[in-house]
Amino acid sequence: MISNTHPQIAVVIGLVSTEDKERIFEALASLDEQQGEIVCEVILADRRQDEISAEIARRYRSVRVIPCHPGMSLPTMRTLAFEASSAPIVAVTEDHCVPSAGWLGEVLSAMEDSTVAAVGGCVVNGVTDTPLDWATFLCEYSAFSPPVAEGNTSALPGMNVAYRRTALAAMDRRRLTEGFWETTVHPVLAADGAKFLSRNSMVMNHCKKFSFGLFAEQRFLYSRYYASLRFPQHRIFHRLASALASVLLPTLLLWRMQKAAAAKGLSREFLSASPILFAFVLIWSFGEGVGYLLGDGDSLAKIE
């Protein structure tokens, strides 16, 4: 049973998924099975507050669930969960991701090096039935499919990452709430000389089965949010130039994905998914263009 007694590691998760909502039970079961000598606290920030929430409360009484407003952004939810935790190591994942066996131990092992501020691992596609499943995975995580670079790194996946608590506690709270931590927190830590570590043995299974419509919507929202952050509103020329340049993105993005897939032995999967990926990168490009020209449009609060 998941415990809160003198936890060594906290796992914070936002309950936000509107599809494949029951995947959270696989994540909680995996974390539960990994405990023994390792003591883990799990804190869920929940903006759905639905039948899944009630079932979690019934099955996992020690899991802390923090009710959140339906319009609260995922970074703010994660921040609330972090602030409610107490463990010296804080791991972040998502409600549709299932940690591999030994994941907790790998996190703690990496953090034995006191100079490490954050550690991340690789991401495995846990839903592989259709080309759409591969397209949604490769569009987001082709760069983190195994193997990843082992050792010191500058890039960590936002849903398979753990931080030293002191690193997050020293951060301006606005950095924690205004965006996803890989874009708002990691650059600040890196600028301060923080050490990031990458481990292939720290494996997260990405298991969400998206519909085409939901993933297309989410890709647009994230791209709009990302572009809106790149330049201050008063830098109109930079925003306009970047919006015009976004028409070149589909070719660049597909090339990057193809290159990453080939390096990971996923060329066949990339080829089967390529027609859908082409649609996704067009949406990606359009989303960035809108973000540069019109700002985020409250897109951050709609991302799941």
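Below, the structure is looked at part by part. (Residues numbered from 1 in each chain as written. Predicted model: local features only at pLDDT ≥ 70, side-chain atom pairs only at ≥ 80, totals over all residues. Heavy atoms only, no water.)

1. Some words on the packing of helix H5 (residues 131-141) against helix H13 (residues 267-294)
Okay, so step 1: Running from N to C, H5 and H13 point in directions that differ by 60°, and their axes come no closer than 8 Å. By the angle class used here, H5 and H13 are oblique. Seen from above, H5 lies across H13 with right-handed handedness. The residues of H13 that touch H5, namely those facing Pro131, Leu132, Trp134, Ala135, Thr136, Leu138 and Cys139, are Glu269, Phe270, Ser272, Ala273, Ile276, Leu277, Phe280 and Trp284.
Okay, so step 2: Residues belonging to the contact of H5 with H13 are distributed by class as follows: 12 nonpolar, 2 polar and 1 charged. (Axes fitted to C-alpha atoms, helices over the stretch in contact; angles between N-to-C directions. Helix = DSSP H or I, 4+ residues; strand = E, 2+ residues; numbered from the N terminus. Parallel < 35°, antiparallel > 145°, perpendicular 65-115°, else oblique. Left-handed = near helix turned anticlockwise from the far one by under 90°. Contact = heavy atoms within 4.5 Å. Nonpolar A, V, L, I, M, F, W, Y, C, P; charged D, E, K, R; others polar.)

2. A few points about the pairing of strand S8 (residues 161-164)
Okay, so step 1: In S8, alternate side chains face the same way, and those of Val161 and Tyr163 on one face and Ala162 and Arg164 on the other are all buried.
Okay, so step 2: Summarising the sheet, strand S4 (residues 89-92) and S8 pair through 4 bridges and their orientation is antiparallel. Across the sheet, the residue bridging to valine 90 is tyrosine 163, located in S8.
Okay, so step 3: The sheet contact formed by strand S6 (residues 116-125) and S8 spans 3 bridges and is antiparallel. Bridge pairing in S8 places glycine 120 opposite valine 161. (Buried < 20%, exposed > 50% of the residue type's maximum accessible area, 1.4 Å probe, protein only. Pairing = 2+ DSSP bridges.)

3. Looking at the side chain of aspartate 50
Okay, so step 1: Assignment of secondary structure puts aspartate 50 in the loop between strand S2 (40-46) and helix H2 (51-59).
Okay, so step 2: Look at aspartate 50 and you get buried, because its relative accessible area is 17%.
Okay, so step 3: Within the structure, the side chain of aspartate 50 is placed 3.1 Å from the backbone nitrogen of isoleucine 52, a separation counted as a polar contact. (Polar contact = N/O pair within 3.5 Å; in protein donor to acceptor, adjacent residues only side chain to side chain.)

4. Some remarks on the packing of aromatic side chains
The geometry of an aromatic ring pair is captured by two quantities: the separation of the ring centres and the angle between the planes.
Okay, so step 1: Enumeration according to the criterion identifies 11 aromatic pairs in this entry.
Okay, so step 2: On the numbers, 5.9 Å between centres and 85° between planes, the contact of tryptophan 134 with phenylalanine 137 is edge-to-face. Pair noted here: tryptophan 134 and phenylalanine 137 are both in helix H5, with a separation of 3 residues, about one helical turn.
Okay, so step 3: According to the relative accessible area criterion, tryptophan 134 is buried, its value standing at 12%.
Okay, so step 4: Relative accessible area serves as the criterion here: at 1%, phenylalanine 137 is assigned to the buried category.
Okay, so step 5: Their ring planes at 70° and their centres at 5.7 Å tell us that tyrosine 163 and tryptophan 181 sit as a pair that is edge-to-face. (Phe/Tyr/Trp six-rings, centres within 6.5 Å; stacked < 30°, edge-to-face > 60°.)

5. Details of unusual backbone geometry
Okay, so step 1: A cis geometry characterises the amide bond from proline 146 onward to proline 147, with omega recorded as 0°.
Okay, so step 2: Here proline 147 shows up in the loop between H5 and strand S7 (151-152).
Okay, so step 3: A positive phi angle, close to 55°, is found at aspartate 20, a residue other than glycine.
Okay, so step 4: Relative to the helices and strands, aspartate 20 resides in the loop between strand S1 (9-15) and helix H1 (23-33).
Okay, so step 5: With a phi close to 50°, glutamine 49 is a non-glycine residue in the positive phi region.
Okay, so step 6: Taking relative accessible area as the criterion, glutamine 49 reaches 46% and is therefore assigned partly exposed.

6. Comments concerning the nonpolar core
Okay, so step 1: Among the nonpolar cores identified, the biggest contains 61 residues, and Ile9, Val11, Ile24, Ile56, Trp103 and Leu277 are the most heavily contacted of them.
Okay, so step 2: If we skip the residues at most four places from it in the chain, isoleucine 56 touches Leu15, Ile24, Phe25, Leu28, Leu44, Val63 and Val65.
Okay, so step 3: Grouped together as the second largest cluster of nonpolar side chains are 30 residues, Ile66, Cys68, Leu74 and Ala81 included. (Core = buried A, V, L, I, M, F, W, Y, C linked by side-chain atoms within 4.5 Å.)

7. Some remarks on the state of the cysteines
Okay, so step 1: One pass over the full model with this rule turns up 0 disulfides.
Okay, so step 2: Distance from the sulfur of cysteine 40, which forms no disulfide, to the nearest cysteine sulfur (cysteine 97) is 15 Å.
Okay, so step 3: No disulfide involves cysteine 139; its sulfur sits 15 Å from the nearest other cysteine sulfur, which is in cysteine 97. (Disulfide = S-S within 2.5 Å.)

8. Description of a nonpolar patch on the surface
Okay, so step 1: Taken together, the side chains of Leu240, Leu244, Leu293 and Leu294 present a nonpolar region at the surface, about 440 Å² in accessible area.
Okay, so step 2: Secondary structure elements with two or more residues in the nonpolar patch: helix H11 (236-245) and H13.
Okay, so step 3: Overall, leucine 294 belongs to the exposed group, its relative accessible area being 63%. (Patch = residues over 30% accessible without salt bridge, like charges linked within 9 Å, V, L, I, M, F, W, Y side chains within 5 Å. Areas by Shrake-Rupley, 256 points an atom, 1.4 Å probe, with all protein chains shown as cover. Salt bridge = Lys/Arg side-chain N within 4 Å of Asp/Glu carboxyl O.)

9. Points about the environment of alanine 216
Okay, so step 1: For alanine 216, the location among the structural elements is in helix H10 (residues 212-230).
Okay, so step 2: Distance in space between the C-alpha atoms of alanine 216 and phenylalanine 280 is 6.3 Å, their sequence separation being 64 residues.
Okay, so step 3: Those residues in contact with alanine 216 that lie beyond four places of it in its chain are Phe280 and Ile283.

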